[in-house]
Amino acid sequence: MYLSRLELQGFKTFPKKTVLEFQPGDKNKETLTVIVGPNGSGKSNIADAIRWCLGEQSMKQLRGKKTEDIIFSGSSGKARSGFAEVSLTINNEDKAMKVDYAEVTITRRVYRDGDAEYLLNGKRVRLADIQLLLAEAGVGQRTYSVIGQGMIDHVLTSSPEERK
Ligand code: ATP
Ligand code: MG
């Protein structure tokens, strides 16, 4: 199971549809993808997008206060977006996720009026369905499978009980 693709549209600094493809590793080599850019260019926003798509409910974790904060708010040359959408595609050939698909795409979309939806391979599902699927595959929201900016500090300074 590996992350193979991430699509963002209207999410924070990504007004236009943006697609990131991640290369699979072969048996003996893991691959590492690095995102490089100047301060404030949107690197951490990509990590936020992954976390959000996986069902994150805490706006604080996403470095915002209200839902609208994650929708592109416009710039001098570009109108603000009406919705934010992130799709994350996971290669599931090893069936780590208990669904009958070799490829699983999770989509989360939210509109400015607050309407929100989750899709699994294009079909509407509940957040709970996605949470269950991910938890069974060991990609829970609190498992440090996505480590955002500042979380390393938290790991290093937490008490033994918290770390456990
Ligand atoms: P650093 O190197 O400092 O960690 P970074 O590349 O990680 O920077 P991010 O934190 O991902 O940068 O992006 C911050 C930028 O995202 C800010 O310029 C902020 O204005 C912009 N931003 C955040 N939310 C939105 C939004 N809803 N609409 C438009 N821009 C946004
Ligand atoms: Mg950053």
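Residues numbered from 1 in each chain as written. Chains lettered and ligands numbered in written order. Predicted model: local features only at pLDDT ≥ 70, side-chain atom pairs only at ≥ 80, totals over all residues. Heavy atoms only, no water.

### As for the site of ligand 1
Lining the immediate surroundings of ligand 1 are 16 residues, of which Gly 40, Lys 43, Asn 45, Ile 71 and Ser 73 lie closest. Lys 43 places a side-chain nitrogen or oxygen 2.7 Å from an oxygen atom of ligand 1. One of the backbone nitrogen or oxygen atoms of Ser 73 is found 2.8 Å away from a nitrogen atom of ligand 1. Alone, ligand 1 offers 660 Å² of accessible surface; in the complex the protein occludes 70% of this. (Near = heavy atom within 4 Å. Polar contact = N/O pair within 3.5 Å; in protein donor to acceptor, adjacent residues only side chain to side chain. Areas by Shrake-Rupley, 256 points an atom, 1.4 Å probe, with all protein chains shown as cover.)

### Focus: the environment of Cys 53
With respect to the helices and strands, Cys 53 occurs in helix H1 (residues 43-53). Among residues more than four places away in sequence, those in contact with Cys 53 are Val 86, Ser 87, Leu 88, Ile 106, Thr 107 and Arg 108. (Helix = DSSP H or I, 4+ residues; strand = E, 2+ residues; numbered from the N terminus. Contact = heavy atoms within 4.5 Å.)

### Concerning the pairing of strand S4 (residues 103-111)
Pairing analysis gives 9 bridges linking strand S3 (residues 83-91) to S4, with the strands arranged antiparallel. Residue pairing in the sheet places Ser 87 in a bridge with Thr 107 of S4. Here 5 bridges tie S4 to strand S5 (residues 116-120), and the two strands are oriented antiparallel to one another. Considered in S5, the bridge of Arg 109 is made with Glu 117. Hairpin connection, S4 to S5: the antiparallel pair is bridged by 4 residues, and Gly 114 has positive phi, about 100 degrees. (Pairing = 2+ DSSP bridges.)

### What to know about helix H2 (residues 127-136)
Listing the buried residues of H2 in full gives Leu 127, Ile 130, Leu 133 and Leu 134. Down the axis of H2, the sector holding all buried residues measures 130 degrees, keeping them to one side. Opposite its buried face, H2 presents the exposed residues Leu 132 and Ala 135, each directed more than 90 degrees away. For H2, the elements touching its buried residues are S4, S5 and strand S6 (123-125). Just past H2, the residue Gly 138 takes up positive phi, approximately 80 degrees. (Buried < 20%, exposed > 50% of the residue type's maximum accessible area, 1.4 Å probe, protein only. Arc of directions from axis to C-beta.)

### Structural notes on H1
A large share of H1 lies buried, amounting to 9 of its 11 residues. Turning to H1, its buried residues are Ser 44, Asn 45, Ile 46, Asp 48, Ala 49, Ile 50, Arg 51, Trp 52 and Cys 53. Lining the buried residues of H1 we find strand S1 (2-9), strand S2 (18-21), S3, S4 and helix H3 (151-157).

### With respect to the environment of Ile 130
Here Ile 130 shows up in helix H2. A relative accessible area of 0% places Ile 130 in the buried class. Each C-alpha atom, one on Ile 130 and one on Leu 119, is 8.8 Å from the other, the two residues being 11 residues apart in sequence. Not counting residues up to four positions away in its chain, the partners in contact with Ile 130 are Ile 106, Tyr 118, Leu 119 and Val 125.

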